[in-house]
Amino acid sequence: MTYEFLQHYWCFIVSLLGALLVFLLFVQGANSVARSLGQTEEGRRLVYNSTGRKWEFTFTTLVTFGGAFFASFPLFYSTSFGGAYWLWMIILFTFVLQAVSYEFQNKIGNILGPKTFQFFLTLNGIVGPLLLGGAVATFFEGSNFIVEKNNLIDVDAITPIISRWANASHGLDALLNPWVLVLGFAVVFLARVLGILYVMNNVNDEDIRSRGRNRLIGAAVPFVILFVAYLVHLLLKEGYAVNEFGFIYMEPYKYLTNFLDMWYLTVILLIGVVLVLFGIGKTILSKDYVGGIWPAGIGTVLTVLALLLSCAWNNTAYYPSTADLQSSLTLSNSCSSEFTLTTMFYVSLLVPFVLAYIIYAWRAIDSKKLTKDEIKTDHAY
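Because the structure is predicted, anything quoted here is derived from the model rather than measured.

**A word on the environment of Asn-201**
- Tracing the sequence through the fold places Asn-201 in helix H9 (residues 178-202).
- With 104 residues separating them in the primary sequence, Asn-201 and Leu-97 have C-alpha atoms 26 Å apart.
- If we ignore the near neighbours within four places in the chain, the residues touching Asn-201 are Arg-209, Val-290, Gly-291, Ile-293, Trp-294 and Lys-369.

Dropping the structure here:
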């Protein structure tokens, strides 16, 4: 195992976690359309109890994603999580609101009322995917930061801070880029598509399933338009390339070149897109089909994985700086030591066992479809 192999390996692991996180945003997506899926109070509770069984998976994956980034690429962690902290704090705050809302919306003594906490769930369902999608877009569009590694050895430096944000917005300035918003809203509607598909599969209620097919069209159409628009933009735009000496420069059609050079990523991307469209299309066209979450979910993971790898592999700066091009982060200039990456490699061999447990727990939770009788129990949300 070479140092370069370990860098690419951990880039793959982090990208896979990011792809799984986007899939698990179906929890947020379903919550954002809960009022239209379940038009009665009983129907809304069915939706919230369906997603309430899975919100821990999403939150845990988000934390694991951040932890893996911190361990393998600490300079990215300190630059993005430390510099763009307003962006990440808003994301984390809405996820905390989500956890609180599930537990307290129907508790005795809730002075705010159930609708207040249901509003918080809707807020998380929109803001969470929007900002996470925007954060992913910055891997291609760039962020406004400066890296000064010499501060660690400069005795005259006021503070030994390696990286800093170039303005006072601390990450929120990314939302001024229209293409960041395009991908952000694409993720919002993708989360809604996945959320509708999941609820249709998980809840045994004909009223919700029939309404879900209509709502699916309204979510799928804007998602496809926004995603195709951003994909075309990505393939035609300049990218952030790195030469053999670590010098970063702008290269025309860089991401298109990456997909042509790494043909296997193109295959993964195309398979993922086809699976997502298949899951959506068959659900809309077939009244008896409610398993669309599985092809669409697998397709989402494959598509996002291919996109994330295309922004880092093949000599590409995965976290570009719009303030100082040479401050852009690459796999080689932002990773942990070879010893750390090697040690973590052996630890990562336990991941299949963890994944097996997650699959087991998921199947146990979903072994019985949710019905109206479930929400009458004491432990219902």
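Past the structure itself, the notes keep going.
**Brief notes about the pattern of salt bridges**
- Summed over the entire model, instances satisfying the criterion amount to one salt bridge.
- When the shortest N-O distance is used, the salt bridge between Arg-211 and Asp-207 registers 3.1 Å. With Arg-211 and Asp-207 both in helix H10 (residues 206-236) and four residues apart, the pair spans about one turn of that helix.
- A relative accessible area of 13% means that Arg-211 is categorised as buried.

**Overview of the packing of helix H5 (residues 55-72) against helix H6 (residues 74-83)**
- As a packed pair, H5 and H6 sit with axes 5 Å apart at the nearest point and diverge in direction by 125 degrees. The orientation of H5 with respect to H6, classified from their angle, is oblique. Contact residues: Gly-66, Phe-69, Phe-70, Ala-71 and Ser-72 in H5; Pro-74, Phe-76, Tyr-77 and Phe-81 in H6.
- Along the lines of polarity and charge, the residues of the contact of H5 with H6 split into seven nonpolar, two polar and no charged.

**Digging into the packing of aromatic side chains**
- Counted by the stated rule, this structure contains 37 aromatic pairs.
- With a centroid separation of 6.1 Å and 50 degrees between ring planes, the pair formed by Phe-59 and Phe-95 is classed as tilted. Placement of Phe-59 in helix H5 and of Phe-95 in helix H7 (residues 85-104) is noted, with a sequence separation of 36 residues between them.
- Looking at Phe-95, the relative accessible area reads 0%, which means it is buried.
- Taking 6.1 Å as the distance between ring centres and 55 degrees as the angle between the ring planes, the aromatic pair formed by Phe-119 and Phe-120 counts as tilted.
- Taking the ring centre of Trp-362 as reference, the NZ or CZ of Lys-54 above it sits at 4.7 Å.
- The residue whose ring lies beneath Lys-282 is Tyr-289, and the NZ or CZ to ring-centre distance is 4.5 Å.

Cut-off values and rules
Residues numbered from 1 in each chain as written. Predicted model: local features only at pLDDT ≥ 70, side-chain atom pairs only at ≥ 80, totals over all residues. Heavy atoms only, no water. Helix = DSSP H or I, 4+ residues; strand = E, 2+ residues; numbered from the N terminus. Contact = heavy atoms within 4.5 Å. Salt bridge = Lys/Arg side-chain N within 4 Å of Asp/Glu carboxyl O. Buried < 20%, exposed > 50% of the residue type's maximum accessible area, 1.4 Å probe, protein only. Axes fitted to C-alpha atoms, helices over the stretch in contact; angles between N-to-C directions. Parallel < 35°, antiparallel > 145°, perpendicular 65-115°, else oblique. Nonpolar A, V, L, I, M, F, W, Y, C, P; charged D, E, K, R; others polar. Phe/Tyr/Trp six-rings, centres within 6.5 Å; stacked < 30°, edge-to-face > 60°. Lys NZ or Arg CZ within 6 Å of the ring centre and 35° of its normal.

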